[in-house]
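Topology and contacts: notes
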Amino acid sequence: PENPNKFLAAEVLRGVGGILLNAQGTRFCNEIGRRDYVTDEIFSLNDSYARTKSWTADQNTPQVFLLLSEEGARCIATSHVDFYEWKGFLSKLTGMPAVAEYMGVSEDAVRTTLTDYATAARNGV
């Protein structure tokens, strides 16, 4: 999270089930939306941008996390995940406690988000 370099995860990472969470551990957009939509949703986590739809270099980039299951990572060329990990953009974590600790949120926040996501996916929402 402290890496000064920010990037939008490749569509392939989001397309195999990666979900985007805000700093509170809540899913905030449809991850398989177009790049411009996802970028706008990320920037909209910044109150100033959400009001003005204008971005300046002095604004803080919102902190966003990508959760990708091990199964999702195996579905794509491992080289994508390995490359992003090598660049410091991804970290491999095991288990909900580790994810919650890394994000600085409660396990309940992560659990609720993942449960809501699973329910929506089952219902085709």
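That block above? That's the structure.
Everything numeric here is computed off the predicted structure, so don't read it as measured data. (Residues numbered from 1 in each chain as written. Predicted model: local features only at pLDDT ≥ 70, side-chain atom pairs only at ≥ 80, totals over all residues. Heavy atoms only, no water.)

Section: the environment of D108
- One can find D108 in helix α7 (residues 107-122).
- Taking relative accessible area as the criterion, D108 reaches 52% and is therefore assigned exposed.
- A C-alpha to C-alpha distance of 25 Å links D108 and D47, two positions 61 residues apart in sequence. (Helix = DSSP H or I, 4+ residues; strand = E, 2+ residues; numbered from the N terminus. Buried < 20%, exposed > 50% of the residue type's maximum accessible area, 1.4 Å probe, protein only.)

Let's talk about the packing of helix α6 (residues 96-103) against α7
- Viewed as axis vectors pointing N to C, α6 and α7 meet at an angle of 115°, and their least axial separation amounts to 8 Å. As the angle between them shows, α6 and α7 are arranged roughly perpendicular. As for how α6 packs across α7, the hand of that crossing is right-handed. Residue-level contacts link M96, P97, V99, A100 and M103 of α6 to E107, V110, R111 and L114 of α7. (Axes fitted to C-alpha atoms, helices over the stretch in contact; angles between N-to-C directions. Parallel < 35°, antiparallel > 145°, perpendicular 65-115°, else oblique. Left-handed = near helix turned anticlockwise from the far one by under 90°. Contact = heavy atoms within 4.5 Å.)

In short, shape yes, function no, at least from these values alone.
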